Structure formats: C-alpha cells, structure tokens
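The chain contents come next:
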Amino acid sequence: MEYDIIIGMEIHAELKTKSKMFCRCDNNARGADPNTKTCPICLGHPGTLPYPNQQAIEWTVLLGLGLHCHINEFSKFDRKNYFYPDLPKGYQISQFEIPFCSGGWLDIDGEKIAITRIHLEEDTGKSTHPAGKNYSLIDLNRAGTPLIELVTEPVIRTAEMAKKFCQRYQQILRYLDISNADMEQGEMRCEANISLQEKGKWLYEDGLIKPVGDYKLNPKVELKNINSFRAVEKAVLYEVERQKKALASGEELRQETRGWNEESGKTVHQRFKETSADYRYFPEPDIPPLKFSGQMILEIKAKLIELPSEKKIRFIDEYGFDAITAEILVSDKALADYAEHVVSELESWIVSCGDTWERQKNKLAKLASNYLISELFKHLKANNQTIRDIKISAENFAELMTLVYQDKINSSAAQTILGVMYAKGSDPTDVMYELGLEQMDDTAVLEAVVNSVLAANPDQVAQYKAGKTNVAQFLVGRVMAETKGKANPKKVQEIIGKILKS
Ligand SMILES: [Zn+2]
C-alpha cells in the first residue's frame, strides 16, 4: 500500500514580556526558587481578576503580520476547562473561536506552509515527579506566562519539512525579539499531528483532510515531548514507520496522544485524545472582548522588520551569496546584520578602488562568506561564543578581506591574522606588519628565490623536464618554506613554469 504522510504542527512559544499574561508577576523566573514569582491572580485565588498584558497582545499581532495572517479586529479570550495539578484556576484562559490571527503562511524556500491560526493564552505551572518518591512537586512560577500557539494546516508532507518549519519559526520569534524560543528550556514546544492516508483516497479541502468515496480516513496521532529540532524529525520518522507497520498488519489505529522518548527513540502512548467539546470552552467573563482599530494594526505593522525568508532571497539577489550560504547567514539576525555590515564595507571599498560592486560582488561576497562561515565559526565554536561576543568590528573584518582580495596576504597568513583579531580585536593591517605576514609579491625577488630552489633540486628539475610536471608542487613547497610561507603561491607557480619551460 502506498501512503501520503500528512503532518500539521502545533507550536507553543513563551513570550518574553516583563510581566505575566494577566498579572504583574515577573515573567522571568530563570534561576528563581519555585513558587516565588506568583501572586493571588496567577494562583487563581477567588475574587481576583485577570488584566491582559498589552505587550503580549501587540507581539501576537506583530507575529501574525509577519506571517501574513489576517488580524481579527474583534477578538476575545475563552476559558478552556480541565483539571490538572499544574493549572491553579482549574481552567486556562485561551482563545477558541476568534484568535488574534487567522490564516497566513510561512515561506520555506518558496514553499508556502499554510497557517490556520495564532492565538494567545497563558502557560501552566510545572510538575516534577522525583524518582523513587511517593509525592510530586509543583512550581507555579510559569503559571500565567504569555504563551502563543501557532497551528498549521495539515499541509506538511515530510519529517524534514516539519523540522525546517520549526527552525524557521524559531528564527522568526527571535528576529522579532518576542521569545527566546529555546526548546531545551521549554520556551518553545513543538507538537506534530501525523496521519497516513492511502494515495488517491483523500483530498484537502477547506482546511480539512477529506475521504474520497467510501474510504475511511486513518486517525491522526499527536506527538508531544519533542525537545529539539532533531527530535522533531526523528519522532515523525519513527511515527510514520510505526503507523505503516500497524496498517500493514491490519491493526486499527486510534486517535491518541503519544510522547517522544529520546532515550528509546520511540513514541509511547500517553492518552486517547480529547476533543474540544471535552474542554467546555466558553467566553472568559472577566475580560471584555478586544477591538483593534485599523490604526492600531498599522502602528504595530510599522514595527515589522525583514524576516529570514525575505532576507535570504535578498542576500542571494543583492550580494550573490549561494542559497546554502545565505541560509546559514540569515539563521541568526545578529550574524546576518554582521555579514551585511561587512559586505557594505566591501562595497564602499571596491567603489573607492574605481571598480563596481556589480562586477566584483560574486568574488567579494564569496570571500567574505567563506571567512565568516568557515574561519570565524571555528573560533566561535572553539571559544563557545556567538557572533554577539566577538571583538572584531565589521570594518576590520572587511579590511582583512581586502588584504586577501588584493593578494597582500595569502590564506595561511589571513588565518593567523584572524586568530589575533579574534583574541584582541586588532586592526588586520597592523597585525600583518607586526607579524611580517605581508605576502612576497615582487617578481624579481621571487625569481631569485625560485632560481636558488631550482639549483638546489636538480633531480626534480630533470623530472619536470622529462614530463613529470607534478613535481612543480614540490618545488612550490620548497619556495614557500624558503620564504617562511610569505610568497604568493600562485605567482611562484607561474614563475617556476616559465623558467622550466624556457
Ligand atoms: Zn501573578
């Protein structure tokens, strides 16, 4: 049997507002003792009233605008009723019928992944179950943290795309500076709904997967406890295989929630799925409906910045970066900004040399991205730092590139200089002179060294003349050694060829 894989994502992200969603408690509880960031409101004491956080609402709208959603000018909060120890009020304030944002899409390399909705709600507390103890612990510091939930249409077809979606979404949350979205910290939590349907027996219409003819749709399974991007891909792949096997053996699948177990690399049954009716949603009576004016939406829209997908396209068009390089550079806004600053310095420089950016951009952008991605990343990784920590100004980085570009230094000297710049933030030209790394480029000087090397290696010269031209590499190596690595290797090769062929 041939199946289509049908995946929809639900992603929760905690907003990094100063205060919680409906009270004034500090929303940053990292490192705080349990239950110290709480008040009667987020503990759900009788008689308290929620007061919505304006910043959280504006950020939700901002995110919706960034993802091309329709912003519902009339919106409201609803109560989602269920009992769980980490939910002090016995209900969660969420949005059911009218979320702040509807529709929209997220672009991944030209493929638009349709979004159903983005709504705002409050997070729950956290329970821990100490091993070997007959009690559980509860920490309500997280209760009431603003939480945005994004739901996609069931339009994702591969585990890889599910992972890419989560990665791009995290980048967007960070670009907009509204969430740290750290998956390991639980600040971003990805859930995948997966079902397998026989090819040709289903269609996607009005946001729903529908059967064709008398085909009975296979139920979807919701995957939880996914703590990394790698786990998104692994969990989906595992679940697809599990469902395939179950279907092949005639086992009837049920709609259920399964948890990903990182150690065993398997998904395990948690519970059979509740439906929205189980939650007895009703409008939150303590918060009046919200109305946005067109003007308010425009004011929020004015704060929208260029997001990674658009930036990637622009980096390719404007700077001539290849797609892989552009993807790496835009993955982090600080890195993208740094790269752009370096490139604009190079652009001014090449113009000051009487050339044009258009003519030299491929060469210069490639050079800069090579040094940024391979060389600079090596230092960042070795020092466990990010681009935010570096001492090298974009101006100095660009200057190093111009030294390489003009053949004033060779690549091994450039790496040495970059190491010094990384440690001290120095100016590359100063380092070049201090360490005597300027490339030997003078033809007469190089010819003299080449002649002495040739005289000292008559066997290799004879081999070359007998047709074994690859011994030239050995001779270049000797010249590089003689000049302590400072000779221009390209030029040395040319000179050796010229002398031996004459
Ligand atoms: Zn509170």
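No experiment lies behind these values; they were computed from the predicted model shown.

Some remarks on the overall build of the protein
Then, number 1: Summing up its helical and strand segments, the protein has 15 helices and 19 strands in all.
Then, number 2: For 502 residues, the compact-globule estimate of 2.2 N^0.38 gives 23 Å, and the C-alpha radius of gyration of the protein, at 30 Å, exceeds that figure by more than 25%.
Then, number 3: By its C-alpha atoms, the protein is 95 × 55 × 55 Å across when sized along the principal axes.
Then, number 4: A total of 502 residues make up the protein; the buried ones form 47% of that total.
Then, number 5: Intrachain contacts of the protein at a sequence separation of at least 6 include 70% that bridge at least 24 residues.
Then, number 6: Accessible surface computed for the protein: about 25,100 Å², of which carbon and sulfur atoms make up 52%.
Then, number 7: Distance between charge centroids for the protein: 3 Å, based on 64 positive and 72 negative side chains.

Some thoughts on empty space enclosed by the protein
Then, number 1: With the rule as written, the count across this model stands at 1 cavity of 30 Å³ or more.
Then, number 2: Considering only enclosed or pocket space, the largest cavity measures out at about 60 Å³ in volume.
Then, number 3: Along the walls of the largest cavity sit Cys42, Asp86, Leu87, Pro88, Lys89, Tyr91, Glu122, Asp123, Thr124, Ala143 and Gly144, which together make up its complete lining.

Overview of helix α10 (residues 411-424)
Then, number 1: Between its first and last C-alpha atoms α10 spans 20 Å; for 14 residues at 1.5 Å apiece the expected length is 20 Å, and the two agree.
Then, number 2: Ala413, Ala414, Ile417, Leu418, Met421 and Tyr422 are the residues of α10 that are buried.
Then, number 3: On its buried face, α10 is in contact with α8 (357-382), α9 (394-405) and α11 (428-434).
Then, number 4: Where α10 terminates, the next one or two residues include Gly425, which has phi positive at roughly 75°.

Some words on the sheet that holds strand β18 (residues 282-283)
Then, number 1: Ordered by their spatial adjacency, 3 strands build an open sheet running β5-β4-β18, and the pairing between neighbours is antiparallel. Either end of the sheet is taken by a strand with one partner, and the two such strands are β5 (91-94) and β18.
Then, number 2: Two elements, strand β4 (residues 78-81) and β5, share 4 bridges in a ladder whose sense is antiparallel. Paired with Asp78 across the two strands is Ser94, which belongs to β5.

A short note on the domain arrangement of the protein
Then, number 1: The assigned domain composition of the protein is domain 1 (3-299), domain 2 (308-434) and domain 3 (443-501).
Then, number 2: Centre-to-centre, using C-alpha coordinates, domain 1 lies 66 Å away from domain 3.

Thoughts on the coordination of the zinc ion
Then, number 1: The coordination sphere of the zinc ion contains the protein donors Cys23 (SG), Cys25 (SG), Cys39 (SG) and Cys42 (SG), at a distance range of 2.3 to 2.4 Å.
Then, number 2: Here the zinc ion is ringed by 4 donor atoms whose angles at the metal span 100 to 116°, and the overall shape comes out tetrahedral.

What counts as what
Residues numbered from 1 in each chain as written. Predicted model: local features only at pLDDT ≥ 70, side-chain atom pairs only at ≥ 80, totals over all residues. Heavy atoms only, no water. Helix = DSSP H or I, 4+ residues; strand = E, 2+ residues; numbered from the N terminus. Rg over C-alpha atoms; globule rule 2.2 N^0.38 Å. Buried < 20%, exposed > 50% of the residue type's maximum accessible area, 1.4 Å probe, protein only. Contact = heavy atoms within 4.5 Å. Areas by Shrake-Rupley, 256 points an atom, 1.4 Å probe, with all protein chains shown as cover. Lys, Arg positive; Asp, Glu negative; His and termini not counted. Charge placed at Lys NZ, Arg CZ, Asp CG, Glu CD. 1 Å grid on protein atoms, 1.4 Å probe; cavity = no way out; pocket = protein on both sides within 12 Å on 5 of 7 lines; lining within 4 Å. Points joined across faces, edges and corners; volume = space filled by probe spheres on them. Expected span 1.5 Å × (residues − 1). Pairing = 2+ DSSP bridges. Domains from an automatic or database assignment. Donors = N, O, S within 2.8 Å, 3.2 Å for Na, K, Ca; no water. Tetrahedral: all angles 85-135°; square planar, octahedral: opposite > 155°, others 65-115°.

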